[in-house]
Structure formats: structure tokens, C-alpha cells
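One letter stands for each residue in the lines below.
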Amino acid sequence: MMGNPKIENTEVVHGNPQELPKKVLAFVSEIAQLCQPDKIWLCDGSEDENKDFTRLMLEENLVINLPKYENCVLARTNPQDVARMESKTYICTEEKREAIPEPKPGVKGTLGNWMSLKQLDEEIKSRFPGCMKGRTLYLLPFSMGPIGSPISHVGIQASDSVYVAASMRIMTRMGKNVYKVLGDKDFVKCIHSVGVPLPAQKPIINNWPCDPEKTMVAHKTKTNEIWSYGSGYGGNSLLGKKCFSLRIGSAIARREGWLAEHMLIVGITNPQGVKKYIVGAFPSQCGKTNLAMLTSPIPGYKIECVGDDIAWMRFDENGVLRAINPEFGFFGVCPGTNHHTNPVAMDMIFKNTIFTNVAKTSDGGVFWEGLEKELKTHVSITSWTGEKHWTRDSGKPAAHPNARFCTPLVNCPILDPHWNSPEGVPISAILFGGRRPEGIPLIYETRSWKHGVYAGASVSSEATSAAEYKGHKVMHDPFSARPFLSYNAGKYIEHWLQMEKDYRKMPKIFHVNWFRKNKEGHYLWPGFGENIRVLDWIMRRCDNEPIAVESPIGLLPKEGSINLEGLPDPINWEELFELPEDFWKREMNDIETYFNQQIGDDLPPAIREEIENQKKRLGISK
Ligand code: SAT
Ligand code: MN
């Protein structure tokens, strides 16, 4: 009997190495030689293979079944591996300045971590040799974007985690048909290991192998390589997402003259039947997923979702900005998701979904903060850390605040008909925003492309639990891309400025803030579905309806021009839109100081001009 084929003396237990393009075979051979897995699994993306993944995850006790739903499982991680680790994420280039601007002397840089290529080689040598011993190397061919589309890019990920293999199958177009379009072309090389060769030297907590001390997520932006070690979680391990689509993606986009952004894409049809697409950049956990699949309480509006996290955008030959969602699934935050905040998500996440770090109910379902009203009274709850009979008195949350669902796009009942179209959808408006309890109005329209770029660059938001930050500190987050910047932030802003060309129809840029509070600490705007009222105003502004008034920071809605009819509670227009003088003095000073300290000489002069002009309009003298 013939045995299984081999690659570098390692048995191939699934797939045929002869079907691999030459460069892919060379890549997997090299990684196998370095990491020394026990077995190699060449993934094909098939339904049968997915059944194997689920069986293997169950056998390894990596997940448990959720019999209440259709084909859903729950993974509970080592409590030390629950979010992206920004402090361990590196951009590796020849020169430091290519990756991050030079901060002012004595100031700690916050616009990314740099590592030299030489240092990276050392770090790789001290981690990867033999790191997959006793494990299976899954080779995952995937396309970000529709397979074969001119905007799409191919990656090949080697990972020793079956959870990652199963999740990548949801989040990307993963399968061996990718090889057909790839041929002998280059691809983004993604290497991932949980960093726990077997037999393990330390106990594996929750059957979730990881090595938090040695975690490293490194990017070689020139040669399109990602080296990720020590974490199995989300953005650290599903390398198609932040690492490829945003960090490597924006480096490619810079070279090729397009944009890879941390943005949702949504199509809105108004009661008159006019449809427009809008993209929106918000930091993680500011409601991108909810906005991308908003349910309008006002009849007559139709919302269709293209994506909730990442947009790749190019101007076409007619000067129209077109966007695709490079992803194939949603990796959304669970806590806070319920029938009020996001009924569409509640319709889509209970089949073919991998949940991570949510709590479990005794009837084989899931639970998280925000689902209290929807919970059956007779069930008991086991928290994400395994605490049985969890109640609110336990003092700890039932689900981790960054608990996630990983669900295929096709589950979304309001998926846009053009979600998979290779040419992308035409974009009319770009939104920036964050969580700002104070001073920033519900919405303003920027005065020009340049002013819009300035507004995007000066975005700040309260910290969330998508990364390792604690508390609610307001942090600068230019373009909501700070954790995903792969080259000097000053050059990033410059790249945005350079998008403006005479023949192009530049989308209008708006800034929104759903999170402004009054002095008593109550939100001034109900948010969620009611945001349709703001989107409607934006759509009308895209058609230049005269419903805006000048203000020092941009154009504000004329009083009464946002439809407030039928809102559950009265709105205080004055408080929603006021521009407190002392706040704006502080804000402008803070933005200027931030740019000076963090970006310094790399800040494009056009942005300095925008700051000066805005200060003049605000009547702030030196
Ligand atoms: O980076 S993750 O993909 O884990 C989550 C996020 O920030 O959107
Ligand atoms: Mn995100």
C-alpha cells in the first residue's frame, strides 16, 4: 500500500502536494523544515474538510458544541489571550522612519512599533524552529476579495491551529480554487504558530495553547510577510484580517495608489428609491457592525450591508471611488449585541458560527452582557471562564468584553446584492468618528477633501476592550487605523491627501459622534437604528440640499433639518450641536500637540494649514 505523500519528510495527511503551485510548495516546505510539524494538512476549503475541522476541534476540547443552534461551537481561550496585542505588534522595515514618525525627544511614540529586519530574523530564530512539533500544519490558501478580481490579493497561511483554520474558512475565501488564479505569481506569506510545541512544557489552560510572554505579530511590508507567534486570538492569528487586509494591504495600497481602510461599507436606499453607498471608519467597538446592518425604525429605508470592518477602495477610470470588502465573514463583538441594538446580527449568528469567550446557557445556547432581557428564566449560565451558575452578583462579566462571533457574510439577511462584485460599489460619502463623550457634535460635514483628511487624522476615541487597554481614556486614533498603520503616519496622511485629483469625484467627508453625553452623563442621542436620521441627512448633503450651516469646525445641520419625528425621547438640539469654546480650545491645542509630538516633521504642511485655519475660524489666537 502506498503511504501518504510527504513534504520535507513530513506526512501530508490531507490534499495532494502535486496540486500546489511551485512557489506555494517551496513556501510550505520551508515552513515545515523550520517549524517541524508532525503532519501537514493542505486545506481545500470544502464542506467535508470543515466537518473534519469541527470534529478535530471537539476532539482537542478546543470548542464545545452549542446544540441549541445549527452547527455552532464555542471556544473559551486562555484568559491571557483575549484580544489583539498592540504592544507586541511590529512593523519591520530597513529604516525606522519608514514605519513610524520620529516622536519629539522625551515623548513615547504611539504610532506603531518598529523592529529592524535583522532583529526580526533573531526573533524568528528564537521562536519558530520546532514550534509546531507534535502539531498539524494547516496550509490555508485564501483570497482577500472576490477570487480573481483585479482588486483582490492572495495569501497563503501556515498555521498550527485548527481553530484558526476553521475561522479563516469563515473570514476569507479559503480553498484550493485560489491556486488556479494564483498560478506562479507571488502571494502574501502568512506564518502563524500558537507557540506550544508538544509535549507542552507548561499546562495548557482551557485547552487553548498560547504563549503570551513570547507573543509577536510582525510584518515585513516590503516582502509581504507576516510572522505571528504565541496567540490564537482574532486579529493576532486570523492573519487575513488586520495583518493582511490593513497592515500589508495599506502598504501595497500606498505603492499602487489605492486605500486599505478600517471601514464598514453600507448601502442605503431612501424612501424615494435613491441608493447611495457610504463607508465609515470607527475604532474597534464603536458600533461599526451595528451601523453596517442598521435596522431603520422609520419605514421606507432599505439598508444593505457590504462589510463591517475593512474596505479596499480605488478610484475607477471615471473618477468614481469604488470599494470592496476583502473579507468573507464577520468577526463581531458579542456583548451589547441584542434584538434592540442589532436585530440583523441576531438573525445571522446562530448558524455556522464560531463563538469565542461568550458565556454558555444550560440549554446549549450562549449568553453575554446585553442579552439579559432575552434570556429564558429557567436556564443557568456558565461564564466564559467556566464559573458555573454565574449571576450578576459574581462581580465579573459573564462574557469577556471582547467576546466575538465569527460568522459567514452569506448568513447576513441584508447582504448587499453587490457584496461580491469584483468592481466594488461606488462610494458617495466617507464617515469618521469615535466615542467622544464631550464637545464633538452629532455630525458635521467637512469643508473640503483636505479638511476631511485633517478630520480623519485627528480622530480620537475612548479606549475599548478590542486591544489590551484598560479604562475609558480618550486616545488619538488617526483614521481609526492607529493599531493598523504599517508605514509612517505622516506619509499615510499624505497618501490620503494625494487621492484628490481634478477628474475624480471626491466623496464628501463627514465626522459623526453617536456618543456625546450631557452633564448628567446621559447620551444625548439614542443611536443604533435611529442613526438612519443622520445617514439620511448625509445622503441629502451628497446631493447638495441646502440643509447645512457654516460653523468654525465645518458644516452643521440647519436646525430641524435632521428628521426627529417619532423619536422615543425629545432631543436637545442645542446640546447635541453646541461647540463649547473652552472645549474647542483644549481640543485644538491637543490635536496640534499630538501632531507635533508624534508626527513632527512628517506631518504634511496642508494639515498644519487646516489646523491654523480652523483655529482662526474658532477665534483661537496663539
Ligand atoms: O483585531 S480583531 O480582529 O481581533 C478585532 C478588531 O479589533 O476588530
Ligand atoms: Mn476592526
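All figures in this text were calculated on a predicted structure; none of them were measured in a lab.

**Observations regarding the coordination of the manganese ion (ligand 2)**
For the manganese ion (ligand 2), the full set of protein donor atoms is Lys242 (NZ), His262 (NE2) and Asp309 (OD), and the range of their distances to it is 2.1 to 2.2 Å. Here the donor residues of the manganese ion (ligand 2) are spaced in sequence according to K-x19-H-x46-D. A residue pair is termed long-range when its members are at least 10 positions apart, and Lys242 in helix H8 (residues 240-256) and His262 in the loop between strand S14 (259-261) and strand S15 (263-269) qualify at 20 residues.

**As for the nonpolar core**
Residues Phe355, Trp368, Ile427, Ile430, Ile443, Trp496 and Ile538 are the most contacted members of the largest nonpolar core, which totals 116 residues. The residues that make up this core include at least three from each of domain 2 (260-329 + 416-618) and domain 3 (330-409). Setting aside residues no more than four positions away along its own chain, Phe355 makes contact with Leu66, Cys72, Val73, Leu74, Ala75, Cys334, Ile349, Phe350, Val366, Trp368, Arg404 and Phe405. Listed in part, the 47 residues of the second largest apolar core include Leu140, Met144, Ile151 and Ile226.

**Section: the environment of Cys131**
Mapped onto the fold, Cys131 is located in the loop between helix H4 (117-125) and strand S8 (136-144). For the pair Cys131 and Ala457, spaced 326 residues apart in the sequence, the C-alpha separation amounts to 40 Å. Apart from residues lying up to four places away in sequence, Cys131 is in contact with Cys35, Asp160, Ser193, Val196, Pro197 and Tyr229.

**Overview of H4**
Considered for burial, the residues of H4 that qualify are Leu120, Glu123 and Ile124. Looking straight down H4, one finds that the buried residues subtend no more than 100° of arc, so they occupy a single side. More than 90 degrees from the buried face of H4, the exposed residues found are Lys118 and Lys125. Elements that come into contact with the buried residues of H4 comprise helix H1 (22-35), strand S6 (89-93), strand S7 (114-116), strand S12 (216-220) and strand S13 (225-229).

**Points about the sheet that holds strand S24 (residues 381-382)**
Strand order in the open sheet formed by three strands is S23-S22-S24, and the pairing between neighbours is antiparallel. Edge strands, defined here as strands with exactly one partner in the open sheet, are strand S23 (366-367) and S24. Two strands pair when backbone bridges link them, and strand S22 (residues 359-361) and S23 are joined in this way by two bridges, in the antiparallel orientation. The residue bridging Lys360 from the neighbouring strand is Val366, located in S23.

**Focus: the side chain of Asn290**
Along the chain, the position of Asn290 falls in helix H9 (residues 288-292). Under the relative-accessibility criterion, Asn290 is labelled buried at 18%. In contact with Asn290, not counting residues within four places along its chain, are Thr341, Asn342 and Phe528.

**Concerning the domain arrangement of the protein chain**
Often, the extent of an interface is quoted as the loss of accessible area upon association of its parts. Parsing the protein chain into structural domains produces domain 1 (6-61 + 88-256), domain 2 (260-329 + 416-618) and domain 3 (330-409). Placing a centre on the C-alpha atoms of domain 2 and another on those of domain 3 gives a separation of 29 Å. Taken together, the contact pairs 16 residues of domain 2 with 17 residues of domain 3. Contact with domain 3 buries surface across domain 2, with Met293, Gly329 and Phe528 losing the most and accounting together for 36% of the total. In this assembly, domain 2 and domain 3 are joined by zero salt bridges. Seen at the junction of domain 2 and domain 3, the total is four residue pairs in polar contact (both at pLDDT 80 or more). Every element with two or more residues in the side of domain 2 that touches domain 3 is listed here: H9 and strand S17 (302-307). Per-class residue counts for the side of domain 2 that touches domain 3 are seven nonpolar, seven polar and two charged.

**Looking at the sheet that holds strand S5 (residues 73-75)**
Strand order in this open sheet of five strands is S4-S5-S21-S25-S20, and the pairing throughout is mixed. In the strand order of this sheet, the two ends are held by strand S4 (63-65) and strand S20 (329-333), each with one partner. Shown here is a sheet whose adjacent strand axes are inclined to one another by a mean of 20°, direction ignored. Across five bridges, the pairing between S20 and strand S25 (residues 404-408) is antiparallel. Bridging across to S25, Phe330 finds its partner in Thr407.

**Side note on the site of ligand 1**
Near ligand 1 there are nine residues, and of these Arg84, Gly235, Lys241, Lys242 and Ser284 occur at the shortest range. Within the backbone of Gly235, a nitrogen or oxygen atom sits 2.8 Å from an oxygen atom of ligand 1. Side-chain polar atom of Ser284 to an oxygen atom of ligand 1: 2.7 Å apart, as the coordinates give it. Here ligand 1 has 260 Å² of accessible area as a free molecule, and 98% of this is covered by the chains. Among the secondary structure elements, those contributing two or more residues to the shell around ligand 1 are helix H7 (234-237) and H8.

**Some remarks on unusual backbone geometry**
Cis geometry marks the peptide bond from Leu198 to Pro199, where omega comes out at -5°. Within the fold, Pro199 resides in the loop between strand S11 (188-193) and S12. Located in the positive-phi region is Gln285, a residue other than glycine, with phi close to 65°. A positive phi angle, close to 55°, is found at Ser480, a residue other than glycine. Summarising the element assignment, Ser480 is placed in the loop between strand S29 (474-476) and helix H12 (489-498).

**Examining the pattern of salt bridges**
Under the defined criterion, the tally for this structure stands at 34 salt bridges. Of the charged contacts, one joins Lys220 and Glu225 as a salt bridge, the two residues approaching to 3.6 Å between their closest N and O atoms. Each of the two residues, Lys220 as well as Glu225, counts as buried. The salt bridge involving Arg447 is made with Glu550; its shortest N-O contact spans 3.0 Å. You can see Arg447 sitting in the loop between strand S27 (443-445) and helix H11 (449-457) and its partner Glu550 sitting in strand S31 (residues 548-551), a full 103 residues away along the chain.

**A word on the pairing of strand S30 (residues 508-512)**
Within S30, four of the five residues are buried, which leaves the element mostly enclosed by the surrounding structure. Where strand S26 (residues 425-433) and S30 come together, five bridges link them in parallel fashion. Within the sheet, the bridge partner assigned to Phe432 lies in S30 and is His511. Bridge count for S27 against S30 is three bridges, and the pairing is antiparallel. Its bridge partner being in S30, Glu445 is matched across the sheet by Phe510.

Conventions and cut-offs
Residues numbered from 1 in each chain as written. Chains lettered and ligands numbered in written order. Predicted model: local features only at pLDDT ≥ 70, side-chain atom pairs only at ≥ 80, totals over all residues. Heavy atoms only, no water. Donors = N, O, S within 2.8 Å, 3.2 Å for Na, K, Ca; no water. Helix = DSSP H or I, 4+ residues; strand = E, 2+ residues; numbered from the N terminus. Core = buried A, V, L, I, M, F, W, Y, C linked by side-chain atoms within 4.5 Å. Buried < 20%, exposed > 50% of the residue type's maximum accessible area, 1.4 Å probe, protein only. Domains from an automatic or database assignment. Contact = heavy atoms within 4.5 Å. Arc of directions from axis to C-beta. Pairing = 2+ DSSP bridges. Buried area = accessible area lost by both parts, 1.4 Å probe. Salt bridge = Lys/Arg side-chain N within 4 Å of Asp/Glu carboxyl O. Polar contact = N/O pair within 3.5 Å; in protein donor to acceptor, adjacent residues only side chain to side chain. Nonpolar A, V, L, I, M, F, W, Y, C, P; charged D, E, K, R; others polar. Axes fitted to C-alpha atoms, helices over the stretch in contact; angles between N-to-C directions. Near = heavy atom within 4 Å. Areas by Shrake-Rupley, 256 points an atom, 1.4 Å probe, with all protein chains shown as cover.

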